[in-house]
Amino acid sequence: MSTPAGSVRVVVVASFLMFWAFANRLLGWFGPIDLQAMPSVCQNLALKKAGIKQLDRHSQLILANSTAADTGEYSCWLQLCNGNKCRKDETKTGSTYIFFTDKEELFVPTPSYFEIVYLNPDKPAVIPCRVTTPSAKVTLHREFPAEEIETDGTDIFYDAKKGFVFQHPSSDHKGIVYCKAESQGAPQISIKYHLLYVEVPKGPPSATITVSSARAGLGDEVRVVCTVLGEPDVDVSFRWQYPGQESGRPVIIQNFWRLINRGIGHTTRISKSVLLVEDFEDTDVGNFVCIAQNLQGETTVATKVELK
């Protein structure tokens with residue numbers, strides 16, 4: 001079977017993976033673990049096809065000494081290059097999901113024994129207890145009170161390639177859970193997952209700004225605090241604009257965050273940026289502006305400090 005130039009075809013052979021792509025371009029790879037570090041051979045080989053003048057390429061990935069940890073999706077794509085700069089060609093990709101079965105490891109190993117899963121009311125949540133044997137029977141259990149969590153195939157269901165999926169998470173689902181798998185032998189238990197319920201609307205950061213004193217005297221210490229409440233797993237970055245910035249006026253800026261509980265079963269991340277002026281001067285009079293940014297956008301807040 002011929003493969004059109006510029007396309008990607010995925011072929012699985014015996015106990016190793018082989019990806020083919022024919023085009024005069026470079027190829028990129030992605031797998032469940034670092035392809036640069038794992039025991040594999042990844043080659044770009046120049047091939048000449050009879051009757052075609054252009055130089056075609058195929059890329060081959062061989063995974064040797066595979067283990068249960070290698071279970072996951074493998075994908076390959078063409079890269080469009082202009083000099084030394086390359087970008088992924090979203091229209092030319094191929095992927096396949098491989099189960100590396102191991103009767104001693106029914107669950108795909110993880111680097112930790114405990115994970116946090118955030119339950120957002122506006123999007124599905126996944127408890128990632130994936131299995132290495134797709135035919136294994138998997139159930140979900142709550143640690144306290146000790147009980148099996150029923151799945152209905154719609155709101156809560158199991159996907160061997162993802163784990164347990166909660167389509168409409170609620171605060172009733174919070175708590176510590178684990179998965180149990182059975183497949184021709186003694187049942188095995190997964191790591192534990194702590195389900196935390198989150199109730200913060202998506203969007204640009206919800207920011208506020210406060211100042212220790214709106215009127216400061218010469219030599220006073222002035223502290224300006226920019227605060228954002230948001231989702232526990234969403235990072236927030238801060239930027240400042242302040243009087244004397246262009247002339248190199250020295251200030252101290254500290255950023256930090258922590259998780260807080262707001263009501264029963266509700267978890268929120270509070271991120272703060274603190275700007276400190278240790279010795280207030282005439283040049284510090286004016287507007288202090290904080291720009292808080294996340295993946296959804298940015299929010300600008302400001303406060304003014306005057307001289308007493």
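Basis of the calculations
- Residues numbered from 1 in each chain as written.
- Predicted model: local features only at pLDDT ≥ 70, side-chain atom pairs only at ≥ 80, totals over all residues.
- Heavy atoms only, no water.
- Helix = DSSP H or I, 4+ residues; strand = E, 2+ residues; numbered from the N terminus.
- Buried < 20%, exposed > 50% of the residue type's maximum accessible area, 1.4 Å probe, protein only.
- Contact = heavy atoms within 4.5 Å.
- Areas by Shrake-Rupley, 256 points an atom, 1.4 Å probe, with all protein chains shown as cover.
- Pairing = 2+ DSSP bridges.
- Salt bridge = Lys/Arg side-chain N within 4 Å of Asp/Glu carboxyl O.
- Polar contact = N/O pair within 3.5 Å; in protein donor to acceptor, adjacent residues only side chain to side chain.
- pLDDT = per-residue confidence, 0-100.
- Phe/Tyr/Trp six-rings, centres within 6.5 Å; stacked < 30°, edge-to-face > 60°.
- Disulfide = S-S within 2.5 Å.
- Axes fitted to C-alpha atoms, helices over the stretch in contact; angles between N-to-C directions.

### Comments concerning the overall build of the protein
Helices and strands together make up the secondary structure of the protein, namely 0 helices and 23 strands. Looking at the protein as a whole, 40% of its 308 residues are labelled buried. Long-range contacts, defined here as pairs at least 24 residues apart, represent 66% of the contacts in the protein between residues at least 6 apart. Summed over all atoms, the accessible surface of the protein reaches about 17500 Å², with 50% contributed by carbon and sulfur.

### Examining the sheet that holds strand S19 (residues 237-241)
The strand order across the open sheet built from 4 strands is S17-S23-S22-S19, with neighbouring strands paired in mixed fashion. Sheet topology places strand S17 (215-216) and S19 at the edges, where each strand pairs with a single neighbour. Direction of pairing for S17 relative to strand S23 (residues 297-307): parallel, over a ladder of 2 bridges. What sits directly across from Arg215, in S23, is Glu306.

### Looking at the pattern of salt bridges
The tally for this structure, following the rule as stated, stands at 8 salt bridges. With its nearest N and O atoms 3.9 Å apart, the salt bridge here joins Arg249 to Glu281. Placement of Arg249 in the loop between S19 and strand S20 (252-261) and of Glu281 in the loop between strand S21 (267-277) and strand S22 (286-294) is noted, with a sequence separation of 32 residues between them. Among the residues examined, Arg249 registers a relative accessible area of 12% and is labelled buried. Under the relative-accessibility criterion, Glu281 is labelled partly exposed at 36%. Linked by salt bridges that have partners in common, Arg249, Glu281 and Asp284 make up one network.

### Comments concerning the side chain of Arg269
With respect to the helices and strands, Arg269 occurs in strand S21. A polar contact is formed between the side chain of Arg269 and the side chain of Ser271, at a distance of 3.5 Å. Setting aside residues up to four positions removed in sequence, Arg269 forms contacts with Val228, Leu229, Gly230, Glu231, Pro232, Val234, Asp235, Val236, Trp257, Arg258 and Leu259.

### A few points about the confidence of the model for the protein
On average, residues of the protein carry a pLDDT of 79, and 77% of them reach 70 or more. Of the regions scoring below 50 in pLDDT, residues 1-25 engages in 75 contacts with residues more than four places distant in sequence or in other chains. When the criterion is pLDDT under 50, residues 34-55 qualifies, and its contacts beyond four places in sequence or with other chains add up to 44 contacts.

### Re the packing of aromatic side chains
Two measures describe an aromatic ring pair: the distance that separates the ring centres and the angle between the ring planes. Within the structure shown, the criterion is met by 2 aromatic pairs. For the ring pair Tyr97 and Phe99, a centre distance of 4.9 Å and an interplane angle of 55° mean the geometry is tilted. On the basis of relative accessible area, Tyr97 is assigned to the buried category, the value being 16%. A relative accessible area of 23% means that Phe99 is categorised as partly exposed. A centroid spacing of 4.7 Å and a plane angle of 55° characterise the contact between Tyr158 and Phe164, whose relative ring orientation is tilted.

### Some words on the state of the cysteines
One pass over the full model with this rule turns up 2 disulfides. Shown here is the disulfide that connects Cys129 with Cys179, its sulfur atoms set 2.1 Å apart. In this structure, the disulfide formed by Cys129 and Cys179 twists by about -70° around the S-S bond and is classed as left-handed. With Cys129 in the loop between strand S9 (125-127) and strand S10 (137-142) and Cys179 in strand S14 (residues 175-182), this pair connects stretches of sequence that are 50 residues apart. Take Cys129 and Cys179: they sit in the same class, and that class is buried. Two residues share a disulfide in this structure: Cys226 and Cys290, whose sulfurs sit 2.1 Å from each other. On the sign convention where negative is left-handed, the bridge of Cys226 and Cys290, at about -85° about the S-S bond, is left-handed. One end of the pair, Cys226, is in strand S18 (residues 222-230); the other, Cys290, is in strand S22, with 64 residues separating them in the sequence. Each member of the pair, Cys226 together with Cys290, is buried.

### Looking at the sheet that holds S9
Ordered by their spatial adjacency, 3 strands build an open sheet running S9-S13-S12, and the pairing between neighbours is antiparallel. Looking at strand neighbours, the two that pair on one side only are S9 and strand S12 (156-159), the edges of this open sheet. For this sheet, the mean angle separating the axes of adjacent strands, direction not counted, is 25°. Judged from the 4 bridges that link them, S12 and strand S13 (residues 163-166) form a sheet pairing that is antiparallel. Note that in S13 the partner of Asp159 across the bridge is Gly163.

### Here's the deal with unusual backbone geometry
In this chain, Phe144 is followed by Pro145 through a cis amide linkage whose omega measures -5°. Note that Pro145 resides in the loop between S10 and strand S11 (147-149).

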